[in-house]
Amino acid sequence: MLIRKLFKFENAHIVRNCTSDRCKRSIHGHSYKVELLLKASKLDHGQMVYDFGLLKGVIKDLYDSFDHAICFWQNDSAEYIQACKTFSARWVSLPVSPSAEQFSRIFFYLAQQVLNSTITQNGEGDVEVYSVIVHETDTGYAQSFLEDIDNEQMGLLRLDQIIFSEQIQSEWNDPQMYNHLQQGIRFQNPEVDLQVKI
């Protein structure tokens, strides 16, 4: 079974090396919509794949990090990267280009890492990320699946290569959240008192 959670954010970027002249030469922004699709073959004690309320925690904080931020490819020129950091307190440095395709991989990867690092406590089953869809515009989106995440041809993703500015980190519910994720410190979902015996 699949469930879908929608997230929204505003973001600016340049997509270097693309065909469209405007996209590769000028900073521009989009109103993004991110669809996170989770799957499981078993429902939890609340008869859910995964409680939507749980997605308002670490995953939401990470996705919200991209809101009103500028994203840049770490391989871009030092001058451009410095300008991004100088003129925007909210920036995200990426090991890949900030295209819709790569955003879909990054959001898949981040959600996957969080789920793998979470101790569940309500009888959840084999919950995992099925797919992520990133709508860059009303007419265009990119969708990634598990096989895209470890695809070397698309670029390797590692937590230590996705870098959030100090301003972004200071706005998280737990400013140490990303450090904990990188260090393998587990997140723990709340305990649940069951009203109906199972």
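Our structure's up above, just so we're on the same page.
Basis of the calculations
- Residues numbered from 1 in each chain as written.
- Predicted model: local features only at pLDDT ≥ 70, side-chain atom pairs only at ≥ 80, totals over all residues.
- Heavy atoms only, no water.
- Pairing = 2+ DSSP bridges.
- Helix = DSSP H or I, 4+ residues; strand = E, 2+ residues; numbered from the N terminus.
- Contact = heavy atoms within 4.5 Å.
- Axes fitted to C-alpha atoms, helices over the stretch in contact; angles between N-to-C directions.
- Phe/Tyr/Trp six-rings, centres within 6.5 Å; stacked < 30°, edge-to-face > 60°.
- Buried < 20%, exposed > 50% of the residue type's maximum accessible area, 1.4 Å probe, protein only.
- Lys NZ or Arg CZ within 6 Å of the ring centre and 35° of its normal.

A. Spotlight on the sheet that holds strand β7 (residues 141–145). Read from one edge of the open sheet, seven strands run β7-β6-β2-β1-β3-β4-β8, paired in mixed fashion. Edge strands, defined here as strands with exactly one partner in the open sheet, are β7 and β8 (163–164). As judged from the five bridges shared by strand β6 (residues 128–135) and β7, these two strands associate in the antiparallel manner. In the sheet register, S131 faces β7, and the bridge partner there is F145. Along the sheet, helix α3 (residues 78–87) makes contact with β3 (69–73) and β4 (91–94), crossing β3 at roughly 165°. Each of β1 (2–13), β2 (28–39), β3, β4, β6 and β7 is contacted by helix α4 (residues 100–116), which is oriented at about 150° to β6, the strand it contacts most.

B. Just the packing of aromatic side chains, in detail. Under the defined criterion, the tally for this structure stands at 16 aromatic pairs. Taking 5.4 Å as the distance between ring centres and 75° as the angle between the ring planes, the aromatic pair formed by F164 and W172 counts as edge-to-face. In this structure, F164 and W172 share a single accessibility class: buried. An aromatic cluster of at least three residues, connected via ring pairs, comprises F7, F9, Y32, Y63, F66, F103, F107, F164, W172 and Y178. Taking NZ or CZ as reference, R16 lies 4.9 Å from the ring centre of Y80, over its face. When the ring centre of W91 is taken as origin, the NZ or CZ atom of K85, which lies over that ring, is 4.7 Å away.

By themselves these figures say nothing about function.
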